[in-house]
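# Understanding the architecture of this molecule
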Amino acid sequence: MARFLVGVNYWPRASAMAMWSRFDAGEIDEDFARIAALGLDVVRFFLTWETFQPGPDDFSSYALRDFEIFIERANARGLRVMPTLFCGHMSGVNWMPEWTLERREAASRFRTISGGRVTRRAIADFYTGELLEAQRTFVRVLGERVRDHPAILVWDLGNEFSNLRVPASPDDAAHWSAALAHDLFESSNLPVTGGTHGEDLSEDRNLRLSSLCEPWKFATMHGYPAYSSFARATNDPEVVPFLFELSETFSDKSVLFSELGNPACAPGSAPTDIPCLDEDDMARYARAVLERLQARGALGALWWCWSDYAPELAAEPPFDEAPHEFRFGIVRNDGSEKPVAKVLGEFARRRLPLVLPADRTHIDEARYYAALPLSLDAAYAEHCARYETAPVQG
């Protein structure tokens, strides 16, 4: 990885999170052609756990075939891919196989959908025991199927997996990470990372990047001003670089920022609980954050996400309760490009080099978590003072 990578997270416009049950290779290939034409490098995508592993020892041959088609289409377009496993949490919903759930109802922050139905049963402890062994079995099957595939940049162990369940201890999380990383590398000869996110740094979720990330090739982080209580504005350009630097400090790894973005405001819409940006402000925000990440030593940045979704999906989860999730794309639901697409493409085509990270203010991980939330606010105030920046003006 000799230069700063730019890419997108991907669900198709017509099917969104139902991609694997409504698999359309033609639509995917058309999207990949457009992504490649923009000059982007990487596509991060998601394997819905229920589709791929409907039982602890049951793996869908149809889903595995479609997975291979997906990465071959990306490879044919010159794109690298980042398969994200055990999804799991996605856009405010936890999509889970029935066999992973607690036997009894359990309160959860997010809706759980299993077998196409909403359930009040939350996922059981997947960091240990039988559920971990089932995951290990699956990653071996998957890894052997695509061993040494040139299109795969890195495996991603999960998408914001602390939103599924908080591990009982940092040691449990580290063991889960190490076991799956070992099995993936042994079976596929390909490296591993994992989709941590801003709430893993703003709350104590029993995740310590120092141990969790130890077997990974590099760390990854997700962050959004719209979801960050410490953000100074919806277009605050320092939220993402701050989370990047904190991740780099705690993990002692290089960091790829694998999700950043903002929801676009719907034309003529009234204010909502989730702050949004108009399309021009979104483009300015993207440019400001990309410039900061590259200059401060990140490995790359992946925008959330490729496309707004088809209007007929409005009544389906997650959009039925989170309509803002419709409008994170760099293309609209009619396929036309938003200004942010041009920004990403222009930045990607510059093929900027990786830079050595600057000296950071040292923050002790154990003391940081012991002092939350005050430590978060203090660290962000120090970060902003150091860079002397203000939110991007519209």
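Residues numbered from 1 in each chain as written. Predicted model: local features only at pLDDT ≥ 70, side-chain atom pairs only at ≥ 80, totals over all residues. Heavy atoms only, no water.

With that settled, the discussion passes to the layout of surface pockets. Taken as a whole, the largest pocket encloses approximately 840 Å³ of empty space. Lining the largest pocket are 42 residues, and of these Gly 92, Phe 110, Tyr 227, His 324 and Glu 325 sit closest to its centre. Those elements that provide at least two residues to the lining of the largest pocket are strand S4 (89–90), helix H6 (199–202) and strand S10 (219–223). Here the lining of the largest pocket is built from residues that sort into 17 nonpolar, 15 polar and ten charged. Of the voids in this model, the second largest pocket is the one considered here, and its volume is about 390 Å³. Around the second largest pocket, the lining comprises 21 residues; the ones closest to its centre are Met 17, Ala 18, Trp 95, Ile 113 and Gly 116. Residue contributions to the lining of the second largest pocket peak at three residues, all from helix H2 (residues 49–52). Here the lining of the second largest pocket is composed, by residue class, of twelve nonpolar, five polar and four charged. (1 Å grid on protein atoms, 1.4 Å probe; cavity = no way out; pocket = protein on both sides within 12 Å on 5 of 7 lines; lining within 4 Å. Points joined across faces, edges and corners; volume = space filled by probe spheres on them. Helix = DSSP H or I, 4+ residues; strand = E, 2+ residues; numbered from the N terminus. Nonpolar A, V, L, I, M, F, W, Y, C, P; charged D, E, K, R; others polar.)

Next up on the list: the sheet that holds strand S7 (residues 117–119). The strand order S4-S5-S6-S7 describes an open sheet built from four strands, whose pairing is mixed. This sheet does not close on itself; its edge strands, each paired only once, are S4 and S7. In this sheet, strand S6 (residues 111–114) lies alongside strand S5 (residues 93–95) in parallel orientation, the contact comprising three bridges. Note on S6: the bridge partner recorded for Val 93 is Arg 111. (Pairing = 2+ DSSP bridges.)

The next subject is the state of the cysteines. The final tally for this structure, using the stated rule, is one disulfide. Note that Cys 265 is cross-linked by a disulfide to Cys 276, the S-S spacing being 2.0 Å. Its S-S torsion of approximately 100° makes the covalent link between Cys 265 and Cys 276 right-handed. Here Cys 265 is found in the loop between strand S11 (255–260) and helix H9 (279–295), whereas its partner Cys 276 is found in the loop between S11 and H9, with eleven residues between them in sequence. Cys 265 gets classed as partly exposed once you look at its relative accessible area, which sits at 27%. Sulfur of Cys 213: no disulfide; nearest cysteine sulfur belongs to Cys 87 and is 17 Å away. Its relative accessible area of 0% is what places Cys 213 among the buried residues. (Disulfide = S-S within 2.5 Å. Buried < 20%, exposed > 50% of the residue type's maximum accessible area, 1.4 Å probe, protein only.)

Enumeration over the complete set of coordinates arrives at one cavity of 30 Å³ or more. Along its surface, the largest cavity is lined by Phe 242, Glu 245, Leu 246, Thr 249, Arg 360, Thr 361, Ile 363, Ala 379, Glu 382, His 383 and Arg 386. Contributing elements (two or more residues each) for the lining of the largest cavity: helix H8 (239–251) and helix H12 (374–387). Considering only residue class, the lining of the largest cavity consists of four nonpolar, three polar and four charged.

Time to look at the environment of Thr 100. By secondary structure assignment, the location of Thr 100 is in the loop between S5 and S6. With 14 residues separating them along the chain, Thr 100 and Ser 114 place their C-alpha atoms 9.7 Å apart. Here Pro 97 takes part through its backbone oxygen, which lies 2.7 Å from a polar atom of the side chain of Thr 100. (Polar contact = N/O pair within 3.5 Å; in protein donor to acceptor, adjacent residues only side chain to side chain.)

Okay, helix H10 (residues 339–349) next. Of all the positions in H10, only Val 340, Ala 341, Val 343, Leu 344, Gly 345, Phe 347 and Ala 348 are classed as buried. Looking at the buried residues of H10, the elements they touch are strand S1 (5–9), H9 and strand S12 (300–303). Arg 351, located one to two residues past H10, shows a positive phi value of around 50°. (Contact = heavy atoms within 4.5 Å.)

Inspection of the entire model under this criterion finds 35 aromatic pairs. Summarising the aromatic geometry, the rings of Trp 20 and Phe 23 are spaced 5.6 Å apart at their centres and angled 10° between planes, so their arrangement reads as stacked. Its relative accessible area of 6% is what places Trp 20 among the buried residues. Their ring planes at 65° and their centres at 6.4 Å tell us that Phe 52 and Phe 138 sit as a pair that is edge-to-face. (Phe/Tyr/Trp six-rings, centres within 6.5 Å; stacked < 30°, edge-to-face > 60°.)

Membership of the largest hydrophobic core comes to 118 residues, with the highest contact counts inside it found for Phe 67, Trp 155, Trp 303 and Ile 330. Ignoring any residue separated from it by four or fewer positions in sequence, one finds Ile 330 in contact with Val 8, Leu 38, Leu 40, Trp 303, Cys 305, Trp 306, Ser 307, Glu 337, Lys 338, Val 340, Ala 341 and Leu 344. By size, the runner-up hydrophobic cluster in this structure holds nine residues, among which are Met 82, Leu 153, Leu 256 and Leu 299. (Core = buried A, V, L, I, M, F, W, Y, C linked by side-chain atoms within 4.5 Å.)

In the structure shown here, the tally under the stated rule is 29 salt bridges. The salt bridge involving Arg 121 is made with Glu 98; its shortest N-O contact spans 3.0 Å. Remark: Glu 98 occurs in the loop between S5 and S6 and Arg 121 occurs in the loop between S7 and helix H4 (129–145); sequence separation between them is 23 residues. Classification of Glu 98 as partly exposed rests on a relative accessible area of 46%. With its nearest N and O atoms 3.1 Å apart, the salt bridge here joins Arg 386 to Glu 382. Pair noted here: Arg 386 and Glu 382 are both in helix H12, with a separation of four residues, about one helical turn. (Salt bridge = Lys/Arg side-chain N within 4 Å of Asp/Glu carboxyl O.)

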